[in-house]
Amino acid sequence: MENIEFHHEDISEIAFNKKDIKEKISNLIRTENKIPGDINIIFCSDQYILEVNKKYLNHDYYTDIITFDYVEGNTISGDLFISKDRISENANTFAVDFFEELKRVIFHGILHLVGYGDKTPNEKIVMTEKENFYLKNG
């Protein structure tokens, strides 16, 4: 059963078209021949995501997204923790709109859930191509 929800932990709410993003997420998952399940997208600060990174992954650094995978078979479920601070900084660094960067990072997390990696140079190329495809065609 598909259930995509947005949460805000220690930041004010980010105003965006939630219905549109939910449709794009569902479209991405279905295009990848998977079934949308329960997905929580948790927007937070750098400090909050740093604590999640330390507590659950033993990583002591900031990141734009942490994806927790609860996928069962072809049903895509998981929690995506996304740092609003990192999104803002990355948008400035890459000279892109905040909401475009936000969508890219959300799609990045969903692509991890459907099975794409980004550890090797080739995986990073494929991941970026997929992100760009869904940004354009999502």
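The shown structure was predicted, so the numbers you read here are calculated from the model rather than taken from an experiment. (Residues numbered from 1 in each chain as written. Predicted model: local features only at pLDDT ≥ 70, side-chain atom pairs only at ≥ 80, totals over all residues. Heavy atoms only, no water.)

1. Section: the packing of helix H4 (residues 98–114) against helix H5 (residues 121–137)
Axis separation between H4 and H5 bottoms out at 9 Å; the angle between their running directions is 125°. With respect to their mutual orientation, H4 and H5 come out oblique. By crossing handedness, the relation of H4 to H5 is classed as right-handed. Packed against H4, whose contacting residues are Glu-100, Lys-103, Arg-104, Phe-107, His-108, Leu-111 and His-112, the element H5 presents Met-127, Thr-128, Lys-130, Glu-131, Asn-132, Tyr-134 and Leu-135 at the interface. (Axes fitted to C-alpha atoms, helices over the stretch in contact; angles between N-to-C directions. Helix = DSSP H or I, 4+ residues; strand = E, 2+ residues; numbered from the N terminus. Parallel < 35°, antiparallel > 145°, perpendicular 65-115°, else oblique. Left-handed = near helix turned anticlockwise from the far one by under 90°. Contact = heavy atoms within 4.5 Å.)

2. A few points about the environment of Thr-128
Locating Thr-128 in the fold gives a position in helix H5. In sequence terms Thr-128 and His-108 are 20 residues apart; their C-alpha atoms lie 8.3 Å from each other.

3. Let's talk about the packing of aromatic side chains
Going through the model one piece at a time under the given rule, you end up with 8 aromatic pairs. For the ring pair Phe-6 and Phe-16, a centre distance of 5.2 Å and an interplane angle of 85° mean the geometry is edge-to-face. Here the residue Phe-6 occupies a position in strand E1 (residues 3–8), and Phe-16 occupies one in the loop between E1 and helix H1 (18–31), the gap between them amounting to 10 residues. You'll find Phe-6 and Phe-16 in the same group, each marked buried. Aromatic pair Phe-98 and Phe-99: ring centres 5.1 Å apart, planes at 90°, arrangement edge-to-face. When its relative accessible area of 18% is taken as the criterion, Phe-98 is described as buried. Classification of Phe-99 by relative accessible area gives partly exposed; the value is 35%. (Phe/Tyr/Trp six-rings, centres within 6.5 Å; stacked < 30°, edge-to-face > 60°. Buried < 20%, exposed > 50% of the residue type's maximum accessible area, 1.4 Å probe, protein only.)

4. As for the side chain of Ser-77
Mapped onto the elements, Ser-77 comes out in strand E4 (residues 75–83). Overall, Ser-77 belongs to the buried group, its relative accessible area being 12%. Every residue in contact with Ser-77, bar those within four places of it in the chain, is listed here: Gly-37, Asp-38, Ile-39, Phe-68, Asp-69, Tyr-70, Val-71 and Leu-113.

5. Digging into the nonpolar core
Ranked by internal contacts, the top residues of the largest apolar core, which has 28 residues, are Phe-43 and Ile-106. Residue contributions to this core peak at 9 residues, all from H4. If we skip the residues at most four places from it in the chain, Ile-106 touches Ile-21, Ile-25, Ile-41, Phe-43, Leu-80 and Ile-82. Counting residues in hydrophobic clusters, the runner-up holds 7 residues, among them Cys-44, Ile-49, Val-52 and Phe-81. (Core = buried A, V, L, I, M, F, W, Y, C linked by side-chain atoms within 4.5 Å.)

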